[in-house]
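Understanding the architecture of this molecule
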Amino acid sequence: MSPRHAKHLLSIDDLTADDIHHLLELTDHMVEINHRPIPKVPALRGKNVVSLFFEDSTRTRTSFDTAAKRLSADTMNFAVSSSSVNKGESLRDTIETISAMGVDAFVIRHKSSGVPGLITRWTDASIVNAGDGWHQHPTQALLDCYTIRTRLNRRDGFDGLRIAIVGDIKHSRVARSDVQAFAALGAHVTLVAPPTLLPPALHDWPVAVSHDLDSLLPDLDVLYLLRVQRERMDDALLPSMHEYSAMYGLTAARAARLAPHALVMHPGPMNRGVEIVVDPADLPGSAILDQVTNGVAVRMAVLFSLLGTGGDLRSETLS
Amino acid sequence: MSPRHAKHLLSIDDLTADDIHHLLELTDHMVEINHRPIPKVPALRGKNVVSLFFEDSTRTRTSFDTAAKRLSADTMNFAVSSSSVNKGESLRDTIETISAMGVDAFVIRHKSSGVPGLITRWTDASIVNAGDGWHQHPTQALLDCYTIRTRLNRRDGFDGLRIAIVGDIKHSRVARSDVQAFAALGAHVTLVAPPTLLPPALHDWPVAVSHDLDSLLPDLDVLYLLRVQRERMDDALLPSMHEYSAMYGLTAARAARLAPHALVMHPGPMNRGVEIVVDPADLPGSAILDQVTNGVAVRMAVLFSLLGTGGDLRSETLS
Amino acid sequence: MSPRHAKHLLSIDDLTADDIHHLLELTDHMVEINHRPIPKVPALRGKNVVSLFFEDSTRTRTSFDTAAKRLSADTMNFAVSSSSVNKGESLRDTIETISAMGVDAFVIRHKSSGVPGLITRWTDASIVNAGDGWHQHPTQALLDCYTIRTRLNRRDGFDGLRIAIVGDIKHSRVARSDVQAFAALGAHVTLVAPPTLLPPALHDWPVAVSHDLDSLLPDLDVLYLLRVQRERMDDALLPSMHEYSAMYGLTAARAARLAPHALVMHPGPMNRGVEIVVDPADLPGSAILDQVTNGVAVRMAVLFSLLGTGGDLRSETLS
């Protein structure tokens, strides 16, 4: 499948390594547009991009919204309380109704895995999964790949790159999407977490597993820290915040043991004092704000790939 | 009164049959625009359309918002809690203040009948009534007329058309506006409801009344189902949901007795299992999603009619 | 400092009289634009203006939003609950993250004095203070100056103009900014308030003080009424609403004692029956709606001054 001809972006699973490379190259063009004095092109003028977030996320919604506007699409946001979708029929009616007003793409976030895929049955619009349950968050994985690719100068792939993903792997859609994307590009991925926060059936995953962050640090090219969900503490799946920080948090001592070129990444928002104990401003290798900046460009590439008519983007300027 | 020169759209009462025909013909042009690759014209560029919804309705607000954007107007939405309008003065101050920022049209929804009309005294902007109490919802009636006109190929009027409106007529602004519009275009309208849900003074209405839906079904051209408001049950104005469905709900058995060309319509959102028991996807005659699609085009026609400068819309394209 | 080259607008304190005059002259151009059939120019096309309101204010937010759109900037609104900024780190993360998506200006309102200034350290974007604690509200002062300048035909300054500011001076950012701006332009300002609502160290302020509104009325050119905050009553800093109205409210009797040319101003929203007892529609000298209208033009001037590239605005029209 070439993403240029794909209709939806539901999962990294649906993309080949070539597909990912193609989207990252398209992102290069978007970064160039974003550096112009007027960072806008008419590529998606008249297209209607609707974000439908059943879980709140100002950060991700804003990133998609900015991306759509830079391509001159019209945007609309629906904040939907999850109460209105207790019945599948009701969700279907909502989608069919909004679709009937004329929608080209839905950007969907939902607390249940698989909902974006389900929605593809009820509309002719393109669906972009902006996070579904513990399942997938494909644009996060693509922006993470793009950040590593540019910061570590790895345009041809991630062969031999050592990446550790640290934290609550079990409940993380970011981890699932990142593992697939990093591995597809050739990286060696190690998951680092207490046993209670690892998924039960890891034998399918193209990863190594470790419970000892400290022994890995000097050899890492990328240290990827997940957000600790405080509610997991209440479920007794995590030790105290203090113990978690002691074992898995990025302290100044741990930061000092990273290689000079190593990147520190985080999907945000950060829990200061828990998974990040050192100020990121003091981390020469922090790529966290690059991730945010690249998020807009990657989402422009995804929307253009799904909705664009295949014109030459480089020759476009805003009239 | 020709709507081309009218300043406000407050009630179907203010429109002649010619006015309605004129707006429906204008809607034809809007439908053509909506089918273009870039469904947008600069007709209302620089105009400021403000929606002021004192009752929440994402569906109607979005429809107006989409309509305004397709005509290149700027849009702003105010969600106002009804608490802030306990005093008439406060509502007046709100309107005068927003107006002073430069507003060309207010789209108003309010729980009290007559508020949109009241507001015309306090602003130079055009007022579009998007639903006031039990009184009027004129754009709903126009989109319903447009849907019947196109689906049943009735460009010259509704003479001889048999339309039944079923449900809580008494508390329905949709029913009031629809009855006036359908009758103005020549249709024969029958209201079907339990006596507790009929208005007290029906002798003024150009309608027949029936309590027996089943006997009407085979002769109908349009079966228009109203939304059942669950709060009416609490007021003991309605029997149980189950009883209501049994007497007035659209079941598969009832759907089978409709003529093949008959339309099923509903203003949305639907109460599945109450007024609609059969899946609309299984109804060949369902016009419910057409209503939503036509809603955008009709609202474009209304906004253009009130705010446009009378240029030839057909020659406009987005530069 | 010339505002044409300033990066931020944090306080009237940072502006010279020449700076203020320059911004008011720029506002003249914006008023001309706002009177065009299409009140829009492409001056800030591609610029991203983000409003970040930690205190709710639909009125001020909408005014900035309208101003940005008339200059063709893109706009985004974040309503932030104050709970998420208990820690300075968290506010910093929020600012850095939104900035990383590509922001040209933040419009900030915050309950704590000094926050807009603090934020300048964390972003390359321009900061416009839209009200911080009891400290400053500079665009309010500029729109008040512009209103007096045009209504009283005082293009060259306010020398000899007599202005009384009445109400809760102590807790008012509007009063602080207005006093500085009015005095910088040469006006003679008198503060009128009960002693409990005056700031403790008034000797630094370029003002006279009075507790007797009635004796001042016949000589005033401008009567500026502040909004009474009902919560001050609970703090026992104010007598009852009734007593306040009796001593400081604008009654019909007091209005009759104003000079025919005198202006009545108020930053809004008004507490009817408290600081304004007479209907403003009955006040020939009310400039309250002019303030609102001028607010949009002044904010256009401020945004253009901070973000514009210095092109000749007068020759711009929307293509």
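Residues numbered from 1 in each chain as written. Chains lettered and ligands numbered in written order. Predicted model: local features only at pLDDT ≥ 70, side-chain atom pairs only at ≥ 80, totals over all residues. Heavy atoms only, no water.

Turning to the overall build of chain A, a few remarks are in order. Scanning chain A from N- to C-terminus turns up eleven helices and nine strands. Radius of gyration (C-alpha) of chain A: 20 Å, near the 20 Å computed for a compact globule of 319 residues. Overall, chain A is about 55 × 45 × 35 Å in size when its C-alpha atoms are taken along their principal axes. Put simply, chain A has 319 residues, and 61% of those count as buried. Contacts in chain A between residues far apart in sequence, at least 24 positions, make up 74% of those at least 6 positions apart. Counting every atom, chain A has about 12,200 Å² of accessible surface; 50% of that belongs to carbon and sulfur. On chain A, the mean spot of the 31 positive side-chain charges and the mean spot of the 37 negative ones are 4 Å from each other. (Helix = DSSP H or I, 4+ residues; strand = E, 2+ residues; numbered from the N terminus. Rg over C-alpha atoms; globule rule 2.2 N^0.38 Å. Buried < 20%, exposed > 50% of the residue type's maximum accessible area, 1.4 Å probe, protein only. Contact = heavy atoms within 4.5 Å. Areas by Shrake-Rupley, 256 points an atom, 1.4 Å probe, with all protein chains shown as cover. Lys, Arg positive; Asp, Glu negative; His and termini not counted. Charge placed at Lys NZ, Arg CZ, Asp CG, Glu CD.)

Residue and element names in this part refer to chain B. As for its placement among the helices and strands, His-211 is situated in the loop between strand E7 (207–210) and helix H7 (213–216). The spacing of His-211 and Asp-159 is 52 residues in sequence and 24 Å in space, taken between C-alpha atoms. Not counting chain neighbours up to four residues away, the residues in contact with His-211 comprise Val-192, Ala-193, Pro-194, Pro-195, Leu-198 and Tyr-248. Of note is the side chain of His-211, whose polar atom sits 2.8 Å from the backbone oxygen of Ala-193. (Polar contact = N/O pair within 3.5 Å; in protein donor to acceptor, adjacent residues only side chain to side chain.)

Attention now goes to the sheet that holds strand E1 (residues 48–53) of chain B. Residues and elements named next belong to chain B. The four strands are arranged E2-E1-E3-E4 in an open sheet whose pairing can be described as parallel. Bordering the open sheet on either side are strand E2 (74–79) and strand E4 (126–132), each of which pairs with just one other strand. Ignoring strand direction, the axes of neighbouring strands in this sheet form an average angle of 15°. Where E1 meets strand E3 (residues 105–110), five bridges bridge the pair, whose relative direction is parallel. If you follow Val-49 over to E3, its bridge partner there is Ala-105. Across the sheet, helix H2 (residues 58–70) touches E1, E2, E3 and E4, and the angle it forms with E2 is around 165°. (Pairing = 2+ DSSP bridges. Axes fitted to C-alpha atoms, helices over the stretch in contact; angles between N-to-C directions.)

Each side of the interface is counted separately: chain B has 21 residues, and chain A has 14 residues. Buried area between chain B and chain A, both sides added, is near 1,600 Å², and the carbon and sulfur share of it is 56%. The largest contributions to the chain B side of the interface with chain A come from Thr62(B), Arg272(B) and Leu289(B), which together make up 27% of the buried area. If you look at where chain B meets chain A, you find two salt bridges. (Buried area = accessible area lost by both parts, 1.4 Å probe. Salt bridge = Lys/Arg side-chain N within 4 Å of Asp/Glu carboxyl O.)

Moving on, we get to the pairing of strand E5 (residues 162–166) of chain B. All names here are of chain B. With four of its five residues buried, E5 lies for the most part within the structure. Two strands pair when backbone bridges link them, and E5 and strand E6 (residues 188–192) are joined in this way by five bridges, in the parallel orientation. Across the sheet, the residue bridging to Val-166 is Val-192, located in E6. As for the winding sense of the linkage, the β-α-β connection from E5 through helix H6 (residues 173–184) to E6 is right-handed. (Right-handed = clockwise from strand over helix to strand, strands pointing away.)

Counted by the stated rule, this structure contains nine aromatic pairs over all chains. A ring pair is formed by Tyr244(C) and Tyr248(C), whose centres lie 5.4 Å apart and whose planes are at 40°; its orientation type is tilted. Note that Tyr244(C) and Tyr248(C) are positioned in helix H9 (residues 241–248) at a spacing of four residues, about one turn of the helix. Since its relative accessible area comes to 1%, Tyr244(C) is described here as buried. Residue Tyr248(C) is classed as buried on the basis of its relative accessible area, which comes to 3%. Stacked on the ring of Phe64(A), the Lys or Arg Arg299(A) has its end atom at 4.8 Å from the ring centre. (Phe/Tyr/Trp six-rings, centres within 6.5 Å; stacked < 30°, edge-to-face > 60°. Lys NZ or Arg CZ within 6 Å of the ring centre and 35° of its normal.)

Residues and elements named next belong to chain A. Once the domains are mapped, chain A shows domain 1 (12–137 + 295–315) and domain 2 (138–292). Between the C-alpha centres of domain 1 and domain 2 the distance comes to 25 Å. Contact residues are listed per partner, giving 31 residues for domain 1 and 29 residues for domain 2. Of the roughly 2,500 Å² buried between domain 1 and domain 2, counting both surfaces, carbon and sulfur atoms make up 60%. On the domain 1 side of the contact with domain 2, Ile-12, Trp-134 and His-137 bury the most area, a combined 29% of that side's loss. The tally of links from domain 1 across to domain 2 stands at three salt bridges. Of the charged contacts in the structure, one is a salt bridge between Asp-28 and Arg-149, with a shortest N-O distance of 3.3 Å. Counting across the interface, domain 1 meets domain 2 through 16 residue pairs in polar contact (both at pLDDT 80 or more). (Domains from an automatic or database assignment.)

Once that is clear, we can look at the side chain of Gln136(C). All names here are of chain C. Its location among the elements puts Gln-136 in the loop between strand E4 (126–132) and helix H5 (138–151). The class of Gln-136 is buried, set by a relative accessible area of 2%. At 2.9 Å, the side chain of Gln-136 forms a polar contact with the backbone nitrogen of Ile-12. A distance of 2.9 Å separates polar atoms of two side chains, one belonging to Gln-136 and the other to Gln-180. Once residues within four sequence positions are removed from consideration, Gln-136 is found in contact with Leu-10, Ser-11, Ile-12, Asn-129, Gly-131, Arg-173, Arg-176, Ser-177 and Gln-180.

Contact residues are listed per partner, giving 15 residues for chain C and 21 residues for chain A. Interface area for chain C against chain A, summed over the two sides, is near 1,600 Å², with a carbon-plus-sulfur share of 55%. The largest share of the area that chain C buries against chain A comes from Arg45(C), Ala100(C) and Met101(C), three residues that together contribute 35% of it. At the junction of chain C and chain A, the tally comes to two salt bridges. The salt bridge partner of Arg272(A) is Asp93(C), with a shortest N-O separation of 2.4 Å. Where chain C packs against chain A, one counts six residue pairs in polar contact (both at pLDDT 80 or more).

Okay, the environment of Ser240(C) next. Residues and elements named next belong to chain C. On the secondary structure map, Ser-240 appears in the loop between helix H8 (230–234) and H9. C-alpha separation for the pair Ser-240 and Arg-230, spaced ten residues apart in sequence, amounts to 9.7 Å. Here Glu-243 takes part through its backbone nitrogen, which lies 3.0 Å from a polar atom of the side chain of Ser-240.

Superposing chain B onto chain A takes a rotation of 120° combined with a translation of 0.1 Å along the rotation axis, leaving an RMSD of 0.0 Å. The relationship between the two copies is best expressed as a three-fold rotation axis. (Least-squares fit on C-alpha atoms with pLDDT ≥ 70 in both.)

Further remarks concern the side chain of Gln291(C). Residues and elements named next belong to chain C. For Gln-291, the location among the structural elements is in helix H11 (residues 288–307). With relative accessibility at 3%, the residue Gln-291 sits in the buried group. Every residue in contact with Gln-291, bar those within four places of it in the chain, is listed here: Gln-140, Leu-143, Asp-144, Thr-147, Tyr-224, Met-265, His-266 and Pro-267.

Below, the discussion takes up the packing of helix H5 (residues 138–151) of chain A against helix H6 (residues 173–184) of chain A. Residues and elements named next belong to chain A. Two elements in contact, H5 and H6, have axes whose closest approach is 8 Å; the angle formed by their N-to-C orientations is 50°. Taken as axis vectors, H5 and H6 run oblique relative to one another. Viewed along their axes, H5 and H6 form a crossing whose handedness is right-handed. Across the interface between the two elements, Pro-138, Gln-140, Ala-141, Asp-144, Cys-145 and Ile-148 from H5 touch Val-174, Ser-177, Asp-178, Ala-181 and Phe-182 from H6. Class assignment of the residues belonging to the contact of H5 with H6 gives a composition of seven nonpolar, two polar and two charged. (Parallel < 35°, antiparallel > 145°, perpendicular 65-115°, else oblique. Left-handed = near helix turned anticlockwise from the far one by under 90°. Nonpolar A, V, L, I, M, F, W, Y, C, P; charged D, E, K, R; others polar.)

Attention shifts here to the pattern of salt bridges. All names here are of chain A. All told, the structure shown has 31 salt bridges over all chains when counted by the stated rule. In this structure, Glu-55 engages Arg-173 in a salt bridge whose closest nitrogen and oxygen atoms are separated by 3.2 Å. Residue Glu-55 is located in the loop between strand E1 (48–53) and helix H2 (58–70), and its partner Arg-173 is located in helix H6; the two are separated by 118 residues in the primary sequence. Here the salt bridges do not stand alone but share partners, grouping Asp-28, Arg-149 and Arg-155 into one network.

The next point concerns H2(A). Residue and element names in this part refer to chain A. Given a rise of 1.5 Å per residue, 13 residues ought to cover 18 Å, and the 18 Å separating the end C-alpha atoms of H2 matches this to within 8%. Counting buried positions along H2 yields ten of 13 residues, so the element is predominantly enclosed. Here H2 has its buried residues at Thr-60, Thr-62, Ser-63, Phe-64, Asp-65, Thr-66, Ala-67, Ala-68, Lys-69 and Arg-70. Looking one or two residues beyond H2, the residue adopting positive phi is Ser-72, at roughly 70°. (Expected span 1.5 Å × (residues − 1).)

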